[in-house]
Amino acid sequence: MDMKKMMKQAQKMQMELARAQEEIKDMTFEATAGGGMVKAVALGDMTIQSITIDKDAVDPEDVEMLEDMVLAAVNEALRGVSDESSSRLNSVTGGMNIPGLM
């Protein structure tokens, strides 16, 4: 394969990666815990947009349970971002491991 063709393919892949990253950045990922008593919404840039806690989940005698539910919902929402990012970027790169990309 000649160098010019390889460079053209690399540029195309770079543009597709940038587009996929932009699309992911604007996505939202929602997760719940405790049967829906805690909900976390993450954005594609790995930030948490919101956390909603049902008033019935608030038990002053068991704060640890609420903390665990919040943690579980947040981690699951962020896992959704990570999974979608990996899936989209792998579809662009054909599964090639590109250092610094993910």
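Predicted model only: the values in this text are computed from it and were never measured.

Draft legend 1. Geometry of the pairing of strand β1 (residues 28-33). Residues of β1 alternate between two faces, with Phe-29, Ala-31 and Ala-33 buried on one and Thr-28, Glu-30 and Thr-32 left unburied on the opposite face. Bridge analysis of β1 against strand β2 (residues 38-43) gives six bridges, and the strand direction is antiparallel. Bridge assignment links Phe-29 to a residue of β2, and that residue is Ala-42.

Draft legend 2. Summary view of the pattern of salt bridges. Taken as a whole and assessed by the stated rule, the structure comprises seven salt bridges. Across the salt bridge formed by Glu-23 and Arg-19, the nearest N and O atoms sit 3.7 Å from each other. Of this pair, Glu-23 and Arg-19 both sit in helix α1 (residues 3-25), separated by four residues, roughly a single helical turn. Each of Arg-19, Glu-23, Glu-84 and Arg-88 takes part in salt bridges that share partners, so that together they form one network.

Draft legend 3. Structural context of the sheet that holds β2. Strand order across the open sheet formed by three strands is β1-β2-β3, with antiparallel pairing between neighbours. Pairing within the sheet leaves two strands with one partner each, and these edge strands are β1 and β3 (48-53). Between one strand axis and the next, the sheet turns by 15° as a mean value, whatever way the strands run. Summarising the sheet, β2 and β3 pair through five bridges and their orientation is antiparallel. The residue of β3 that forms the bridge with Lys-39 is Thr-52.

What counts and what doesn't
- Residues numbered from 1 in each chain as written.
- Predicted model: local features only at pLDDT ≥ 70, side-chain atom pairs only at ≥ 80, totals over all residues.
- Heavy atoms only, no water.
- Buried < 20%, exposed > 50% of the residue type's maximum accessible area, 1.4 Å probe, protein only.
- Helix = DSSP H or I, 4+ residues; strand = E, 2+ residues; numbered from the N terminus.
- Pairing = 2+ DSSP bridges.
- Salt bridge = Lys/Arg side-chain N within 4 Å of Asp/Glu carboxyl O.
- Axes fitted to C-alpha atoms, helices over the stretch in contact; angles between N-to-C directions.

In short, geometric facts, not functional conclusions.
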